[in-house]
Amino acid sequence: MFDTKPVKTPGAVGQNLSKFNGEPMKDAFGYRSVVGALQYLTIRRPDIVFVVNKACQFMQQPTSAHWLSVKRIRRYLRGTIHDGLLLSSSNQLIIEGFTDADYGA
């Protein structure tokens, strides 16, 4: 999915998935495999926890609509590969305290 257009949100706004959306998948192994990998990714990516959890609810009988939702999560991840926080080490620890006088009290 490297050549797909990235999206700005991991889930479609206003989309409510249910077990009745879409056509049942003939082979659910691929769905379960991708969703399982996304579960491990949620440890480092809390922004996708909700949508991955939603996808996990349909692992028993996934449909084409559920697969489209998973593909959207992957497109979102593709667009946010370079986003993140940079945490660097430092030898200095500076702790500043504030008093009531600092706030004009």
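A brief look at the structure comes next.

## Brief notes about the packing of helix 1 (residues 29–41) against helix 2 (residues 49–56)
- At a closest axis distance of 10 Å, the pairing of helix 1 and helix 2 adopts a crossing angle of 150°. For the pair helix 1 and helix 2, the crossing hand works out as left-handed. Contact residues: Tyr-31, Val-35, Leu-38 and Gln-39 in helix 1; Val-52, Ala-55 and Cys-56 in helix 2.
- For the contact of helix 1 with helix 2, the per-class residue count stands at six nonpolar, one polar and no charged.

## A look at the nonpolar core
- By size, the foremost hydrophobic cluster in this structure holds 17 residues, and its most contacted members are Leu-38 and Val-70.
- Listing elements by their share of this core, those giving two or more residues are helix 1, helix 2 and helix 3 (64–79).
- With residues near it in sequence (within four places) discarded, Val-70 still touches Tyr-31, Val-34, Val-35, Leu-38 and Ala-55.

## Describing the side chain of His-66
- Mapped onto the fold, His-66 is located in helix 3.
- Within polar-contact distance, the side chain of His-66 engages the backbone nitrogen of Thr-63 at 2.9 Å.
- For His-66, the contacting residues outside a window of four places in its chain are Leu-17, Ser-18, Lys-19, Asn-21, Tyr-31, Phe-58 and Gln-61.

## Remarks on helix 1
- In a regular helix each residue adds 1.5 Å, so 13 residues correspond to 18 Å; helix 1 covers 19 Å between its end C-alpha atoms and thus fits that length.
- On its buried face, helix 1 sits against helix 2 and helix 3.

## Things to note about helix 2
- Burial in helix 2 covers these residues: Val-51, Val-52, Ala-55 and Cys-56. An end-on view of helix 2 places all buried positions within 145° of arc, on one side of the element.
- Looking at the buried residues of helix 2, the elements they touch are helix 1 and helix 3.

## Topic: the packing of helix 1 against helix 3
- Between helix 1 and helix 3, the least distance of the axes is 11 Å, while the angle of their chain directions is 40°. Our classification of the angle between helix 1 and helix 3 gives oblique. Crossing handedness for the pair helix 1 and helix 3: left-handed. Facing helix 1, whose interface residues are Gly-30, Tyr-31, Val-34, Val-35, Leu-38 and Leu-41, helix 3 presents His-66, Trp-67, Val-70, Ile-73, Arg-74 and Leu-77.

## Concerning the pattern of salt bridges
- Tallying each qualifying case throughout the model produces one salt bridge.
- The residue Arg-45 makes a salt bridge to Asp-47 at a minimum N-O spacing of 2.9 Å.
- A relative accessible area of 35% places Asp-47 in the partly exposed class.

Rules of the game
- Counting restarts for each chain, with residues numbered from 1 along the sequence as it is written.
- For a predicted model such as this one, the threshold for reporting local features is a pLDDT of at least 70, and the threshold for listing and counting side-chain atom pairs is 80 or more; totals across whole chains, interfaces and linings nevertheless cover every residue.
- Just so you know, side-chain values use all the structure's heavy atoms and leave hydrogens and water out.
- Note on geometry: axes are C-alpha line fits, over the in-contact stretch for helices, and angles between N-to-C directions span 0 to 180 degrees.
- Counting from the N terminus, the helices are DSSP H or I runs at least four residues long and the strands are E runs at least two residues long.
- Handedness of a helix crossing follows the sense of rotation of the near helix relative to the far helix, less than a right angle counterclockwise being left-handed and clockwise being right-handed.
- Residue contacts are counted whenever heavy atoms from the two residues lie within 4.5 Å of one another.
- Put simply, Ala, Val, Leu, Ile, Met, Phe, Trp, Tyr, Cys and Pro go in the nonpolar bin, Asp, Glu, Lys and Arg in the charged bin, and everything else, Gly too, in the polar bin.
- Throughout this description, the term nonpolar core refers to a set of buried Ala, Val, Leu, Ile, Met, Phe, Trp, Tyr and Cys residues connected via side-chain atoms within 4.5 Å.
- Each residue's exposure class comes from its accessible area (1.4 Å probe, protein chains only) as a fraction of the maximum for that residue type: buried when under 20%, exposed when over 50%, partly exposed otherwise.
- Here a polar contact is recorded for every N or O atom pair within 3.5 Å, except that within protein the pair must consist of a potential hydrogen donor and a potential acceptor, and residues adjacent in sequence are included only if both atoms are side-chain atoms.
- What a helix should span is 1.5 Å times the count of its residues minus one.
- What the arc measures is the spread of directions leading from the helix axis to the C-beta atoms.
- Throughout this description, any angle smaller than 35 degrees is read as roughly parallel, any larger than 145 degrees as roughly antiparallel, any in the 65 to 115 degree range as roughly perpendicular, and the remainder as oblique.
- We count a salt bridge whenever a side-chain nitrogen from Lys or Arg sits within 4 Å of a carboxyl oxygen from Asp or Glu.

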